[in-house]
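Here is what each chain is made of, one letter per residue.
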Amino acid sequence: MKLKSLGFACIALASFTIISCDDTTDGIGASLTDNRDNLDISTDTFYVSTKSIIADSVLSRNTTGYLGKFRDPETGAYITSNFMTQFSVLENYTFPKIDSIISKDNGLAYADSCEIRLYHSNTIGDSLAPMKLRAYELGKPVEDADYYSNFDPEKDGYVRQNGLVADKTYTLADLNYSIDERSSSDYNASIRIPLNKEYTDKDGKTYKNYGTYIMRKYYENPNNFKNSYTFIHNVAPGFYFKSTSGIGAMANIYNAIMYVHFRYTSNDSTYNVAATFGGTEEVMQTTNIKNDASTIEKMAEDSSCTYVKTPAGIFTEMTIPVDDIVKGKENYTINTAKVTLQRINNDNPNEYALGAPSQLLMIPADSITSFFKNHDVANNKNSFLASLSSNAYTFNNIGSMIKTMNDNKQSGKASDNWNKVVIIPVTTSTMTISSSTYLTGIYHDLSIKSTKLVGGKTPIKLTVVYSKFK
């Protein structure tokens, strides 16, 4: 719906500085000159409508996992996260020669101990809340493919029947260390999961512990450790970590490492060492997210605002009045089309209140699946990023997308969602080359974030600046 038409000289002069070769609403794309007297510039303001939509599940392609259960103090929504990781090895990994191993029994190597450490940071909630997890050994590898946040290795048959299971009660603030130790720059917070009980493999062979199984698989056939693929497929498919009890804390697991401790001799000296196997970007990691469905539904039905909530919670959908924007302006260039989504501050502040997403992605509603599966990045043509600034998210120029929407309608290619876009919380990765930084990846934000946006019953303004040659 159109609000009003303006032609103020001050707006014309201000907008002229950003005029370039943007798209027109028909044969859009002609370059403009710096001759202001030859330009007819005007602006219009339109309403766009917004609503909350439930995300259900999102592509779980991320370099970190999340583990725990937390209740959002503002909305009362419960969020539970579990994650799966595989472990990698260096190319052509080697243990010391068997003759040098001290940790032996009847000539066979064994591990003095074995554990998995889940290293975490940027925790949410009470670091002293008592939590409990269960670690499950996988029976087969989760192959490299696209997995969504509702992927459950336990339900989908990846957990090994009668395989290794280890329970661990923990607090994110590890009280085995003093406050001074935890404050040290050398301290890395982790959840330690011992794997020192007797272990039986799928062939029925029994070992002193899981680390002993790892070592003996190496000495049986070093080719099993040739690379991460052979290690995952022939030795250790991975582990699934499930939050089983406790409420109040969520850990951001940025790395998982398995340590196999043993002793060996070299040059008449004895060494206590640990072989390490890390859950790096090289191997598969997935996060399984469970939201409180009834609470999420109530939030999405709230028409007093809209929400963006992670992980895999709620997006905001926006309907753009393309017909109104183009009507009567078919021969004009759209120089800018700007829309700002204003945050609504939390009325009930809490020490564990969730932060707002730092970045939002705007893409056509029909492109959600393909955008993330194809590893696309924002191109400022049909996908746009906005960062939180001054308590709002501003998309400065979506004119090219409006033009594409109109073209699709005129050519008969428009879908039912032809003029709808979705606002999605994301994280990004970048690469710097010769002092220039490039956007290399956009991923669904799987951390715990939430904010209300002005919208719903309240229309949002979209300001458009047009120009044409006189």
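Above this text is the structure in question.
In this text the structure is predicted, and so the values were computed from the model without any measurement. (Residues numbered from 1 in each chain as written. Predicted model: local features only at pLDDT ≥ 70, side-chain atom pairs only at ≥ 80, totals over all residues. Heavy atoms only, no water.)

Student: Help me understand the packing of aromatic side chains in this model?
Tutor: In this description, a pair of aromatic rings is defined by centroid distance and the angle of the planes. Enumeration according to the criterion identifies 30 aromatic pairs in this entry. Note on Y218 and Y219: the rings are 5.1 Å apart at their centroids and 80° apart in plane angle, and the pair reads as edge-to-face. Overall, Y218 belongs to the buried group, its relative accessible area being 8%. According to the relative accessible area criterion, Y219 is partly exposed, its value standing at 25%. Three or more aromatic residues link up through ring pairs in this structure, and these residues are Y93, F95, Y218, Y219, F225, F231, F262, Y264, Y271 and F277. Residue placement shows K69 over the ring face of Y78; its charged tip is 5.4 Å from the ring centre. Across from the ring centre of Y466, 4.9 Å away, lies the NZ or CZ of K329, which sits over that ring. (Phe/Tyr/Trp six-rings, centres within 6.5 Å; stacked < 30°, edge-to-face > 60°. Buried < 20%, exposed > 50% of the residue type's maximum accessible area, 1.4 Å probe, protein only. Lys NZ or Arg CZ within 6 Å of the ring centre and 35° of its normal.)

Student: Looking at this structure, how should I read the layout of surface pockets?
Tutor: A water-sized probe, rolled over the atoms, reveals where empty space remains. Here the second largest pocket defines a volume of roughly 330 Å³. In this structure, the second largest pocket is lined by 22 residues; those nearest its centre are P364, S367, N382, T404 and N408. Those elements that provide at least two residues to the lining of the second largest pocket are α7 (368-373) and α8 (399-410). When residues in the lining of the second largest pocket are grouped by element, the largest group, four residues, is from α8. (1 Å grid on protein atoms, 1.4 Å probe; cavity = no way out; pocket = protein on both sides within 12 Å on 5 of 7 lines; lining within 4 Å. Points joined across faces, edges and corners; volume = space filled by probe spheres on them. Helix = DSSP H or I, 4+ residues; strand = E, 2+ residues; numbered from the N terminus.)

Student: When you look at α8 in this model, what are you seeing that I'm missing?
Tutor: Every α-helical turn comprises 3.6 residues, leaving residues that sit three or four positions apart pointing alike. Between its first and last C-alpha atoms α8 spans 17 Å; for 12 residues at 1.5 Å apiece the expected length is 16 Å, and the two agree. Every buried residue of α8 is listed here: G399, S400, M401, I402, K403, M405 and N406. Where α8 is buried, its residues meet α6 (322-326), β19 (333-344), β20 (359-364), β21 (384-389), β23 (420-433) and β26 (460-469). (Expected span 1.5 Å × (residues − 1). Contact = heavy atoms within 4.5 Å.)

Student: Hey, could you run me through the pattern of salt bridges in this one?
Tutor: Charged atoms that come close allow side chains of opposite charge to pair. Following the criterion strictly, the structure yields 11 salt bridges and no others. Between D72 and K309 there is a salt bridge, with its nearest N and O atoms 2.9 Å apart. Pair noted here: D72 is in the loop between β3 (65-71) and β4 (78-85) and K309 is in strand β17 (residues 306-310), with a separation of 237 residues, a long-range link. Overall, the relative accessible area of 1% leaves D72 in the buried class. Between K403 and D407 there is a salt bridge; the shortest N-O distance is 2.7 Å. Placement of both K403 and D407 in helix α8 is noted, with a separation of four residues, approximately one turn of the helix. Sharing partners across several salt bridges, the network here consists of E115, R117 and R192. (Salt bridge = Lys/Arg side-chain N within 4 Å of Asp/Glu carboxyl O.)

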